[in-house]
Amino acid sequence: SWSSSQSDYVSSDAEDSSFFSRSSGGSGSLPSVDSIGRMLVQLEENDAALTELTIDCTSIDKETAADIGQFLPANTYLQKLRLQCSNRTRHRQIFRKVVKNLKENNSIETIAVQGAEIDREIASWLLPSFSLNQKIKHISMANCTFVQSGLGILFVAMMQHGTHIRHLGFNSCTWDEYNADIVASSLPFMGLHSLSLIDINIAGEGWPYLFRNIMNCKQLIHLDLSRNELNASSIHLFMKSLTVQKTISKLTLSACGLDDECMKELMKGLRTYPTLTNLDISQNKNMTDKGVVYLRDLLKFSNSIVQLNVDGCGLNEQSINAIDSGLRYNNSFLKSFFSEKTSQRLFGVVDTIEKIDISEMNRDILEAVSFDLDKRQ
């Protein structure tokens, strides 16, 4: 299974933890002999067109895996490597052959692993690549299960030697409860710019410890905690940590079960947060119009937010318009010169003019959209 820079693949930006392309043979089908042969030729010849590669360890044989492992170290153009696996013994053996010499490759910047069961043995295969390859900046793991000491081995190595890693993502991964503490305690020692912990099993008492350690991640600018159940108490602790951390510009809390009380805690914590420009609270269906009031208040006091995502929150049109007008005011140069009320009237004029056929505009229309600036407050 493979893809080159010209192939169609499912991807998002480099900080997304879930970019995995389909196999070239199509969904549910094995890759053809010809496609595997072309991929091996590109690898062996160090083809400049092969910048992204997906290897499905469930659909190739051991000989192909050995060839891939042999050719990977000499490749100088490959930048993104995706590895798909399962917990079957045969697939794990193939996985091992692929990653055996991966640490010697000096071009790969992004590694994504999907569907693997990571135990002590698998972790030892991945460890040299994760900790010793200074070129690797992005590591993502999706739908992986961590057992025994697999997660601990990886994080101890990354904590000691992984200061080159800038993005770390876990999406729908399963680990033992105590492993959350291993992750949390390692974060301050890694120079992460982006951290995604999406749909993971952190117990309620694990969140405070995680938040305290995020507080010490002084280079972190993007944090994604989507699809984790958070309550007002958790958000309160989280906001206390952020007031110390003060570097995050993008915060994603999509589908976290946030309600009005959570919105209140968010508002109190973020209204004077200096660096936040992008807030995603989409798919939180427990929010009501009361929560909208808190959001509106946040936009009134915040000087930095320029993007706010509330898609899928079940808000009515009036609430969305209130948020939209507040966001427009917050992002406008008018905020520097006029009160919010006057600025909103300006926006109203602009919106009205955009709907008017300029060719039919007359004095009556101009009078209809005019207003008295002297009455501003």
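Refer to the structure presented above.
Reference entry: report on the structure contained in this document. A quick note: this is a predicted structure, and the numbers were derived from the prediction, not measured.

Before going further, it helps to examine the overall build of the protein chain. Scanning the protein chain from terminus to terminus reveals 13 helices and 12 strands. Put simply, the protein chain has 377 residues, and 50% of those count as buried. Relative to all contacts within the protein chain whose residues are 6 or more apart in sequence, the contacts with residues 24 or more apart total 82%. Put simply, the protein chain shows about 17,400 Å² of open surface, and 49% of that area lies on carbon and sulfur atoms.

Apart from glycine, the bulk of residues carry a negative phi angle, and the bulk of peptide bonds sit in the trans form. One non-glycine residue with positive phi stands out, namely S172, at about 55°. The residue S172 is located in the loop between β7 (167-171) and α6 (179-186) in this model.

It is worth spelling out the pairing of strand β1 (residues 52-56) at this point. In terms of burial, β1 is a largely internal element, 5 of the 5 residues being buried. Side chains E52, T54 and D56 of β1 all project onto a buried face; the interleaved residues L53 and I55 project onto the opposite face, where all are buried too. As judged from the 5 bridges shared by β1 and strand β2 (residues 80-84), these two strands associate in the parallel manner. Across the sheet, residue T54 finds its bridge partner in β2, namely R82. With helix α2 (residues 62-71) bridging β1 and its parallel neighbour β2, the resulting β-α-β unit is right-handed.

Turning next to the packing of helix α3 (residues 89-99) against helix α4 (residues 120-132). Between α3 and α4, the least distance of the axes is 9 Å, while the angle of their chain directions is 20°. As summarised for this structure, α3 and α4 are arranged roughly parallel, according to the angle between their axes. In the packing of α3 onto α4, the handedness of the crossing is left-handed. Contacts between α3 and α4 involve R92, F95, R96 and V99 from the former and E121, I122, W125 and L126 from the latter. For the contact of α3 with α4, the residue count by class is 5 nonpolar, no polar and 3 charged.

This part takes up the pairing of strand β8 (residues 194-198). Most of β8 sits out of view: 5 of its 5 residues are buried. Burial along β8 is two-sided: the face carrying S194, S196 and I198 and the face carrying L195 and L197 are both buried. In the sheet, β7 pairs with β8 via 5 bridges, with the strands oriented parallel. In the sheet register, N171 faces β8, and the bridge partner there is I198. At this point the chain moves from β7, through α6, to the parallel β8, and the crossover so formed is right-handed. Both β8 and strand β9 (residues 222-224) contribute to a ladder of 3 bridges, which runs parallel. In the strand pairing of β9, L195 is matched with L223. With helix α7 (residues 206-214) bridging β8 and the parallel β9, this β-α-β connection has right-handed handedness.

Calculation notes
All residue numbers refer to positions counted from 1 along the written sequence of the respective chain. Totals for whole chains, interfaces and linings use every residue, but because this is a predicted model, local features are given only for residues with pLDDT of at least 70 and side-chain atom pairs only at 80 or more, for both listing and counting. Calculated side-chain values reflect all of the structure's heavy atoms, with hydrogen atoms and water omitted. Secondary structure elements are defined from DSSP: runs of H or I of at least 4 residues count as helices, runs of E of at least 2 residues count as strands, and each element is numbered from the N terminus. Between buried and exposed lies partly exposed: a residue is buried under 20% and exposed over 50% of the maximum accessible area for its type, with that area taken using a 1.4 Å probe on protein chains only. By the convention used here, residues are in contact when the closest approach between their heavy atoms is within 4.5 Å. Per-residue and other accessible areas were derived by the Shrake-Rupley procedure at a 1.4 Å probe size, with only the shown protein chains allowed to occlude residues. Should DSSP find at least two bridges between two strands, the strands are regarded as paired. We call a crossover right-handed when, viewed with the strands running away from us, the connection from the first strand over the helix to the second turns clockwise. Inter-axis angles, ranging from 0 to 180 degrees, are taken between N-to-C directions of lines fitted to C-alpha atoms, where helices are fitted over the stretch in contact. For classification, angles of less than 35 degrees are called roughly parallel, those exceeding 145 degrees roughly antiparallel, those between 65 and 115 degrees roughly perpendicular, and all remaining angles oblique. Crossing handedness is defined as follows: a turn of the near helix away from the far one that is anticlockwise and smaller than a right angle gives a left-handed crossing, while the clockwise case is right-handed. Polar here means any residue outside two lists: the nonpolar Ala, Val, Leu, Ile, Met, Phe, Trp, Tyr, Cys and Pro, and the charged Asp, Glu, Lys and Arg; Gly therefore counts as polar.

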